[in-house]
Amino acid sequence: MGVLLSFLPVHHRVRFSPVPRPNQAASLQRWAGPLTGKCVPPIGVRRFISVGFRTSGREQKQTKTMSYPGYPPQAGTYPPQPGFYPSQPAGYPPQPGVYPPQTGGYPPQPGAYPPQSGGYPPQAGAYPTPLPTGSWGGGPSGGYPSTAPGSYPNPGYNVGVQGGTMPQQQYPAMGYPGQPGQTMPGYPQAPSPNPPMPGFGGAPAPMPGYPNAPSPNPSMPAYGGGAMPVVPPVDRGFRGTIKDFPGADPLKDVEVLRKAMKGFGTDEQAIIDLLGSRSNKQRVPLLRAYKTSYGKDLIKDLHSELSGDFRKLVMAMLKSPAEFDTSELHNAMKGAGTDEACLIEILSSRSNAEIREINRIYKETYKKSLEDAIKNDTSGHFRRLLISLAQGNRDERENVDVSLAQQDAQMLYAAGENKLGTDESKFNAILCARSKPHLRTVFYEYQKMCGRDIESSISREMSGDLESGMLAVVKCIKNTPGYFAWRLQKSMKGLGTKDTTLIRIMVSRSEMDMLDIRQEYVKNYGKSLYMHIHADTSGDYRKLLIKLCGGND
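Source: prediction; values computed, not measured.

Undergrad: Quick rundown of the overall build of the protein? Include the residues and the values.
TA: For the protein, the count of helices and strands is 24 helices and 4 strands. Scored against the burial criterion, the 553 residues of the protein give a buried share of 37%. Here the contacts in the protein between residues at least 6 apart in sequence split such that 61% fall between residues at least 24 apart.

Undergrad: Outline the nonpolar core, listing residues and values.
TA: Leu302, Leu313, Val314, Leu370, Met506 and Leu529 are the most contacted members of the largest nonpolar core, which has 89 residues in total. With 8 residues, helix 19 (residues 464-478) is the largest single contributor of residues to this core. Filtering out sequence-adjacent residues up to four positions away, Leu529 remains in contact with Leu488, Met492, Met506, Met514, Arg518, Tyr521 and Cys549.

Undergrad: Describe the environment of Asp423, listing the residues and the values that go with them.
TA: Looking at where Asp423 falls in the secondary structure, it is placed in the loop between helix 15 (402-415) and helix 16 (424-433). The partly exposed category is assigned to Asp423, whose relative accessible area is 26%. Separated by 12 residues in the primary sequence, Asp423 and Met411 have C-alpha atoms spaced 9.8 Å apart. A polar atom in the side chain of Asp423 sits 2.6 Å from the side chain of Ser425.

Undergrad: Give me the packing of aromatic side chains: which residues, what numbers.
TA: In the structure shown here, the tally under the stated rule is 6 aromatic pairs. Residues Tyr483 and Trp486 carry aromatic rings whose centres are separated by 5.9 Å and whose planes lie at 40° to one another, so their mutual orientation is tilted. Of this pair, Tyr483 and Trp486 are both found in helix 20 (residues 480-492), 3 residues apart, which corresponds to roughly one turn of the helix. Under the relative-accessibility criterion, Trp486 is labelled partly exposed at 26%. Here Arg278 stacks its cationic end above the ring of Phe245, 4.1 Å away from the centre of that ring. Directly above the aromatic system of Trp486 lies the positively charged group of Lys475, at a separation of 5.0 Å from the ring centroid.

Calculation criteria
Residues numbered from 1 in each chain as written. Predicted model: local features only at pLDDT ≥ 70, side-chain atom pairs only at ≥ 80, totals over all residues. Heavy atoms only, no water. Helix = DSSP H or I, 4+ residues; strand = E, 2+ residues; numbered from the N terminus. Buried < 20%, exposed > 50% of the residue type's maximum accessible area, 1.4 Å probe, protein only. Contact = heavy atoms within 4.5 Å. Core = buried A, V, L, I, M, F, W, Y, C linked by side-chain atoms within 4.5 Å. Polar contact = N/O pair within 3.5 Å; in protein donor to acceptor, adjacent residues only side chain to side chain. Phe/Tyr/Trp six-rings, centres within 6.5 Å; stacked < 30°, edge-to-face > 60°. Lys NZ or Arg CZ within 6 Å of the ring centre and 35° of its normal.

Laid out in structure tokens, this is it:
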């Protein structure tokens, strides 16, 4: 293990390396000549001398610390790698023959965190500067070539292999941010071959309909703006059961009717076959054609020949939709009592143009406005609801503003569930003015916000005719065919039949959405509308109703 110089003092005994080089041996002899205990070996000698301090544990620690010489240089080893740990204060002094100097920390990454002020300043005595070209990291003279700043370190352990770096497989959009060809989508300002994913980096992902808008009520969540993309309504084609009869001739048709009523008895089947196969626009001209051909009133002749509910049904089929609705509204308010359900059904399910036409015909026929008739026959908030609906001024745009829908949902909640008492005017304003697609969104947002559907809230907050009216408006807006299926089921449920309601719906919806009503009926009540009509009616009346129904499901 070397030669111990026993002539030196104990605390400065030195051990020589077994094979010192000549120049180091000469230096040792010159240094050990004076035999003084306080001399210090030259720096060149320290590299091969292990000084053993035998007097304390601390000295033994220092012996271990200084007893590891540096490794000799290895040709073709790793070049300096950018992106390693920065200089550390109080590091080891430069050691010749050890690993090449390491430059600073990770290179700046595009879009990464900006440089932080107040970091550690450069420390004296840290790793030295890179070596010149031809050594490790200085240039590509043998072994692995230098690594370009910002790229990955050279992989592999084949020291001294000629020909540059090992090829690295690049996967698109899977590396660290800022690396060419390896950007991860979504980090800020990082070039990506793929479009940025909403919600990472760049701009925040917009959540439809939830911008930062102040809540009208502090106890409710704030919703904000943003228009919901409008899904165009699906054109399902004609959904009625009565279509135009091809080649229909009013003069020939009235001849068939005249023959069916002439003489003894009436051929009801001929009337059913004719009227049940003509559309409304083909039936209404029959009145003028009959008078032109025979100089008589078709309505009066049919009224005298027919009877009962069958006659009512035939009379209803010979009126235009607006005339039929006008007569139904008038009959609902005529005499003692009022058929509030009829008023709500017609006014909540008709378009603005249809309601305006009803108002015109009502004024022309009964010499007073529909609004005056409603005022005289109803009262309170229910009257205000009917008058609002009778204006025919509902928004009919198809697009939905989710921000406004959420605000309306909050206002409905604040006017009912979140208030002592109920502000009926808020319900009235929203349910009568907003478009039907908008109100469907309002009802959805309302349930999502307070955990209860709008019908339950109305039932809890209102009563009487107002409750029934509001519920009918909501049902009709939510699902119009489902609403009419519900009305038909109620008209035939239990003892007796509400034939007025049954006739009105079968006639008015036969050219609108009777096929959808039939589907809703089967789905909701487990029985086809056809079978229910067949079981609840009879005779010629049943035959003509089944014609309007169009078939069994």
